[in-house]
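Letter by letter, the chains look like this.
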Protein chains: 2
Amino acid sequence: MSQETEKSEVTAAILIIGDEILSGRTKDKNIGAIADVLTEIGIDLREVRIVPDVMDEIVAAVNALRARYTYLFTSGGIGPTHDDITADSVAKAFGVGINVDERARAMLLERHRPEDLNEARLRMARIPFGADLIANPISKAPGFRIGNVHVMAGVPQIMNAMLDEIRPTLTSNAPVISETIEAGAIPEGNFAGALGTLAAAHAGVSIGSYPSMTAEGFRNRIVVRGREAEAVAAARAAIEAMLEPLRS
Amino acid sequence: MSQETEKSEVTAAILIIGDEILSGRTKDKNIGAIADVLTEIGIDLREVRIVPDVMDEIVAAVNALRARYTYLFTSGGIGPTHDDITADSVAKAFGVGINVDERARAMLLERHRPEDLNEARLRMARIPFGADLIANPISKAPGFRIGNVHVMAGVPQIMNAMLDEIRPTLTSNAPVISETIEAGAIPEGNFAGALGTLAAAHAGVSIGSYPSMTAEGFRNRIVVRGREAEAVAAARAAIEAMLEPLRS
């Protein structure tokens, strides 16, 4: 694969780990937050999975996703309690050992007195062999990176802080330019045929149509996404021209 | 598999389809809404995936998830535009044909005049052969059920209305009873060891510990989930007793 091709294909997946998301008890906020950051820096998010706190499920998902995409970002399951099994699962996925990491222990000691660093808290210093740590400025217990997998906390504030740490280290594509055209109350069915033809003619960009329901009824937006400013502008102009006669 | 075993193992997966979720442009609300309904009626949600508007990805995810769980619920990609390819993808996953369905066309005619039922809008009446329709009381274009796969709209209001239609048709387990114990400001690391021991002793229930960050610092909640009221109550009592000496 040439450098050029590789550069144009930086991809990512997200793996959210936690029974509390699957039960509906906690509503996920991390998918959207990571997606926003990846879009901003120009990495294509291609897949998301949510799995329970079950080691075999985590191992299988980590291995499927790390093999397929440039980066995998996980969130959840790195706290001190018995259901926090992400670090052990990632070690198993990579086939490496895991133990209390002295660098991680030192980070925990910035927050806890030595006599409070009990067995449970030391679970948070268990890091797979060969991993780099990801600093946690909020509660100190670190995340880690091993291979192309970034393991982050589930609490959104900590996850976001870890993502800020990781961000400068990521290779990215040219950022995606996104333009939104408000179709307003024009029914989607009135422009869908023409939009399909137009999308086929502007293959260098991706064009999506997104309805939403408001108190006044359906409203539609068309979004053009692409990495080349001229191609995005050309598609946008074509869509505006197509919509113009449909606006009442 | 005995009827009893089967009854205790009603499981589900969710597949969200759409580039707009992966780009971060639209923040998903459907995962949490479906998760809440499934928990309420006693179906175990075991996995969620989000994939782009790419036929091969949708087909692969539909086939992986429908083979593994009792039910699969999909959301997104059934509108009139060129990027709405869910129905065709599901037909391909099942290896069946697809065409305009006369029942679906009749539903669309409840909302659109015959002269407005253009080719694009008729895309919304394309239903895989052998599928049952799921009524859409809001904008009429139906979802459908084929095998154990329920195909629903992406717009949350419509998705929720379709879920209400589907709900009485689902087989469910005994509902899960969920009890929340507020650990308040007790640090998770102070009870994590004891909680792990306690979780091992109460294997009939699932016990999770969930930290959240508030303006006053971390707050922790412990949640006990299970199908047997006595087992849940016993675990709850044990957790309360364990926490009591730690409360200041």
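A quick note: this is a predicted structure, and the numbers were derived from the prediction, not measured.

Residue and element names in this part refer to chain A. The final tally for this structure, using the stated rule, is two aromatic pairs over all chains. A ring pair is formed by Y71 and F73, whose centres lie 6.0 Å apart and whose planes are at 45°; its orientation type is tilted. Each member of the pair, Y71 as well as F73, carries the same accessibility label: buried. Across the ring face of F94, the terminal group of R66 is positioned such that the distance to the ring centre comes to 3.8 Å.

With that settled, the discussion passes to the interface of chain A and chain B. Reports of interface size often rely on the accessible area that becomes lost once the parts have come together. Taken together, the contact pairs 58 residues of chain A with 58 residues of chain B. Together, the buried faces of chain A and chain B total about 4,500 Å²; carbon and sulfur atoms form 57% of this surface. Per-residue buried area on chain A facing chain B is highest for R25, H82 and Y210 of chain A; these three make up 13% of the total on that side. Between the two partners, chain A and chain B, sit four salt bridges.

Superposing chain A onto chain B takes a rotation of 180° combined with a translation of 0.0 Å along the rotation axis, leaving an RMSD of 0.0 Å. Such a turn and shift between the copies fits a two-fold axis. In terms of proximity to the rotation axis, the leading residue of chain A is R49 of chain A, whose C-alpha is 2.2 Å off the axis. With an isologous cut-off of 70% or more, the 100% of interface residues of chain A that recur at the interface of chain B puts this contact in the isologous class.

Within the element layout of this structure, E244 of chain B appears in the segment after helix 10 (229-243). In this structure, the C-alpha to C-alpha distance between E244 of chain B and A183 of chain B, residues 61 residues apart in sequence, is 9.4 Å.

The domains assigned to chain A are domain 1 (3-169) and domain 2 (177-246). Spacing between the C-alpha centres of domain 1 of chain A and domain 2 of chain A amounts to 37 Å.

Attention now goes to the sheet that holds strand 6 (residues 132-134) of chain B. Spatial ordering of the open sheet is given by 6(A)-7(A)-8(A)-3(A)-1(A)-2(A)-2(B)-1(B)-3(B)-8(B)-7(B)-6(B), a layout of 12 strands whose pairing is mixed. The sheet is open, and its two borders are formed by strand 6 (132-134) of chain A together with strand 6 of chain B, each paired with just one other strand. Across the sheet, the axes of successive neighbouring strands diverge by a mean angle of 20°, strand direction being ignored. Bridging between strand 1 (residues 11-17) of chain A and strand 2 (residues 44-51) of chain A involves seven bridges; their strand directions are parallel. Following the sheet pairing, L15 of chain A is matched in strand 2 of chain A by R49 of chain A. Contacts from helix 5 (residues 86-94) of chain A reach strand 1, strand 3 (71-75), strand 7 (143-146) and strand 8 (149-152) of chain A within the one sheet, and its direction differs from that of strand 7 of chain A by about 5°.

Scoring rules and cut-offs
- Residues numbered from 1 in each chain as written.
- Chains lettered and ligands numbered in written order.
- Predicted model: local features only at pLDDT ≥ 70, side-chain atom pairs only at ≥ 80, totals over all residues.
- Heavy atoms only, no water.
- Phe/Tyr/Trp six-rings, centres within 6.5 Å; stacked < 30°, edge-to-face > 60°.
- Buried < 20%, exposed > 50% of the residue type's maximum accessible area, 1.4 Å probe, protein only.
- Lys NZ or Arg CZ within 6 Å of the ring centre and 35° of its normal.
- Contact = heavy atoms within 4.5 Å.
- Buried area = accessible area lost by both parts, 1.4 Å probe.
- Salt bridge = Lys/Arg side-chain N within 4 Å of Asp/Glu carboxyl O.
- Least-squares fit on C-alpha atoms with pLDDT ≥ 70 in both.
- Helix = DSSP H or I, 4+ residues; strand = E, 2+ residues; numbered from the N terminus.
- Domains from an automatic or database assignment.
- Pairing = 2+ DSSP bridges.
- Axes fitted to C-alpha atoms, helices over the stretch in contact; angles between N-to-C directions.

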